[in-house]
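# Fold and contact review
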Amino acid sequence: MADNKLDPETEVEIIGSMTDPAAAGPVVQPVRLGRDDTFCFSCHKDVPCWNECCHGADITLTPADILMLCRNLDMRPAEFLAEYTVPAIWDKADLPVAKLKMQGADGKGACHFMTDAGCSVYAFRPATCRYYPLGFASVKMKGAEEKDDFHFLVKEAHCKGHGETKTQTVGEYRAEQGIDAYDEVNRGWMDIMMKMASWQTLGGPWGEQITQAKKRMFFMVYTDVDAFRRFVFETRFLDTYEIEPEAQDLLRESDEALLALGFDWLKNVFFNEPTVSMKENVLQGAIAKAREEMGAS
Ligand code: SF4
Ligand code: SF4
């Protein structure tokens with residue numbers, strides 16, 4: 001188990017309970033789990049709580065979730081978002097997110113994908129459904145250069161899977177649930193969520209609030225690859241940033257490559273990270289303009 005002696009500066013839960021904490025008051029075990037740590041849990045059709053967690057579930061969709069659900073339901077993102085999601089704000093970072101819509105006027109009914117036989121989208125279910133009953137968090141320790149990721153166990157009273165005898169390591173559970181492939185696509189998105197959350201006490205990066213327009217860009221990039229592809233190919237984006245012709249070809253074909261570019265671009269826009277390069281003439285123009293505005297030309 002991780003034994004980091006440094007004090008935590010920021011600890012951000014990225015994937016947590018499936019249950020709305022306000023509704024169910026889940027018990028999150030304050031136990032950090034590494035990949036080799038074990039826990040006891042099993043979910044199968046014979047548990048008395050079968051499908052209970054798929055009612056009134058609180059599921060923030062990740063970029064990989066939307067990509068995989070759209071692909072397998074044969075829907076475009078705009079259509080999927082309108083039919084199966086509700087917009088929400090992720091309070092920890094004040095960023096817009098899409099949540100999976102539940103049935104019922106109060107949103108406490110069953111998930112639209114739940115059937116008596118189980119989850120009808122099981123092979124491409126969202127990351128939160130895969131992780132459960134594990135949570136995933138990032139922590140940045142005071143004095144540490146890098147953030148550290150860890151898992152924790154979510155133990156909720158209604159979930160009887162914890163009473164089963166199957167023991168597995170976190171790594172084994174992740175492999176069984178196919179989590180790594182989702183995390184790979186979601187990495188840039190999770191980095192941005194974590195960074196925004198850690199700037200939250202100052203009101204935003206270096207104390208400056210992120211504009212609503214930038215927040216809308218974040219939502220567009222992560223939820224709608226069609227809209228972001230149009231933004232890249234039908235605006236001045238390619239006149240502004242250095243993107244090699246081969247990379248442009250890949251961006252036309254690959255949603256995953258497009259998302260990776262989107263998160264690199266957002267890191268540059270939000271945090272000034274050198275994750276994308278401006279074309280030299282654009283950069284020189286921007287420098288000249290900034291000088292002019294400072295009266296130093
Ligand atoms: S997507 Fe599947 S596993 Fe997830 S809440 Fe809906 S029915 Fe349950
Ligand atoms: S054991 Fe837990 S995860 Fe499985 S159906 Fe019951 S509540 Fe859901």
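Only a predicted model underlies this, so the values are computations on that prediction, with no experimental measurement involved.

Turning our eyes to something else, we now look at the overall build of the protein chain. Helices and strands together make up the secondary structure of the protein chain, namely twelve helices and ten strands. Here the C-alpha radius of gyration of the protein chain, 21 Å, is about what a compact globule of 297 residues would show, namely 19 Å. If one aligns the C-alpha atoms of the protein chain with their principal axes, the spans along those axes are about 70 × 50 × 35 Å. Here the protein chain holds 297 residues, and 32% of them are scored as buried.

Moving on, we get to the pairing of strand S8 (residues 134–141). Across the eight residues of S8, six count as buried, placing the element largely inside the fold. As judged from the six bridges shared by S8 and strand S9 (residues 148–155), these two strands associate in the antiparallel manner. Bridging from a neighbouring strand, Gly135 pairs with Phe152 of S9. Two successive antiparallel strands, S8 and S9, enclose a turn made up of six residues, where Gly143 displays a positive phi of approximately 85°.

Next up on the list: the site of ligand 1. Every residue lining ligand 1 is accounted for by Cys54, Ala57, Cys111, Phe113, Met114, Cys119, Val121, Arg125, Pro126 and Cys129. Classifying every residue of the shell around ligand 1 gives nine nonpolar, no polar and one charged.

With 65 residues, the main nonpolar core has Ala57, Leu134 and Met193 as its most contacted residues. Ranked by residue count, the leading element in this core is helix H6 (residues 179–199), at eleven residues. Viewed by domain, this core spans two of them, domain 1 (8–182) and domain 2 (224–293), each represented by three or more residues. Each residue touching Met193, except ones within four places of it in the same chain, is listed here: Ile14, Trp90, Ala93 and Leu95.

Further remarks concern the pairing of strand S4 (residues 85–90). Pairing of S4 with strand S5 (residues 95–100) involves six bridges; the strand directions are antiparallel. Looking at S5, one finds that Ala88 is bridged to Val97. Taking the residues that link successive antiparallel strands as the turn, the S4-S5 hairpin has four residues, and the phi of Asp94 there is positive, at about 55°.

Now for the domain arrangement of the protein chain. In terms of domains, the protein chain is made up of domain 1 (8–182) and domain 2 (224–293). In this structure, domain 1 and domain 2 have C-alpha centres spaced 32 Å apart. Between domain 1 and domain 2, the contact holds six residues from the first and five residues from the second. Every element with two or more residues in the side of domain 1 that touches domain 2 is listed here: helix H2 (63–73) and helix H3 (77–84). The dominant element in the side of domain 1 that touches domain 2, judged by the number of residues it contributes, is H3, at three residues. Here the side of domain 1 that touches domain 2 is built from residues that sort into five nonpolar, no polar and one charged.

Attention now goes to the site of ligand 2. Taken together, Cys43, Val47, Cys49, Trp50, Asn51, Glu52, Cys53, Tyr132, His158, Cys159, Lys160 and Gly161 make up the full set of residues near ligand 2. Class assignment for the residues of the shell around ligand 2 results in seven nonpolar, three polar and two charged.

So, about H2. Most of H2 sits inside the fold, with eight of its eleven residues counted as buried. Considering only its buried residues, H2 is in contact with H3, helix H4 (127–131), H6, helix H7 (212–223), helix H8 (225–234) and helix H11 (255–271). Remark: Asp74 follows H2 within two positions and exhibits a positive phi of approximately 55°.

Before going further, it helps to spend a moment on the environment of Cys111. With respect to the helices, strands and loops of the structure, Cys111 is situated in the loop between S5 and strand S6 (114–115). Given 25 C-beta atoms within a 10 Å radius, Cys111 is considered buried. Spatially, the C-alpha atom of Cys111 lies 23 Å from that of Asp183, the residues being 72 residues apart in sequence. If we ignore the near neighbours within four places in the chain, the residues touching Cys111 are Cys54, Ala57, Leu100 and Met102.

All right, on to the packing of H8 against H11 then. Where H8 meets H11, the closest approach of the two axes is 10 Å, and the angle between their N-to-C directions is 65°. Of the possible angle classes, the one that applies to H8 and H11 is roughly perpendicular. Along this stretch, H8 crosses H11, giving a crossing that reads as left-handed. For the pair H8 and H11, contact is made by Val225, Phe228 and Arg229 and by Asp255, Leu258, Leu259 and Gly262, respectively. When the residues that make up the contact of H8 with H11 are grouped by side-chain class, the tally is four nonpolar, one polar and two charged.

With that settled, consider unusual backbone geometry. Across the junction of Tyr132 and Pro133, the peptide omega takes the value 10°, indicating a cis bond. Summarising the element assignment, Pro133 is placed in the loop between H4 and S8. The phi angle at Asp74 is positive, at roughly 55°, despite the residue not being glycine. Its place among the elements puts Asp74 in the loop between H2 and H3. For Trp206, which is not glycine, the phi torsion reads 50° and is therefore positive. Of note, Trp206 is situated in the loop between H6 and H7.

What counts, and at which threshold
One numbering rule holds for all chains: residues counted from 1, following each sequence as written. Starting at A for chains and at 1 for ligands, labels are handed out in the order in which the entities are written. For this predicted model, a pLDDT threshold of at least 70 governs which residues receive local features, and a threshold of 80 or more governs which side-chain atom pairs are given and counted, while totals over whole chains, interfaces and linings are taken from all residues. Every helix listed is a DSSP run of H or I at least four residues long, and every strand listed is a run of E at least two residues long, numbered separately from the N terminus. The atom set for the radius of gyration is the C-alpha atoms, and the globule formula is 2.2 Å times the number of residues raised to the power 0.38. For every residue, the other C-beta atoms within 10 Å of its own C-beta are counted; 20 or more classify it as buried, 12 or fewer as exposed, and values in between as partly exposed. C-beta atoms are placed from the backbone. DSSP calls a pair of strands paired once it identifies at least 2 bridges connecting them. In this analysis, residues qualify as near a molecule or strand once their C-beta atom, positioned from backbone atoms, comes within 6 Å of it. Charged residues are taken to be Asp, Glu, Lys and Arg, nonpolar residues to be Ala, Val, Leu, Ile, Met, Phe, Trp, Tyr, Cys and Pro, and polar residues to be all remaining types, Gly included. A set of buried residues drawn from Ala, Val, Leu, Ile, Met, Phe, Trp, Tyr and Cys, joined through C-beta atoms within 7 Å, is what defines a nonpolar core. Where each domain starts and ends comes from a domain assignment, either automatic or drawn from a database. Two residues qualify as being in contact provided that their C-beta atoms, derived from the backbone, are within 7 Å of each other. Each axis is a line fitted through C-alpha atoms, and for a helix only the stretch in contact is used; angles between axes span 0 to 180 degrees, taken between their N-to-C directions. Working definition: roughly parallel below 35 degrees, roughly antiparallel above 145 degrees, roughly perpendicular at 65 to 115 degrees, and oblique for all remaining angles. Note on convention: near helix rotated counterclockwise from far helix by under a right angle means a left-handed crossing. Clockwise means right-handed.

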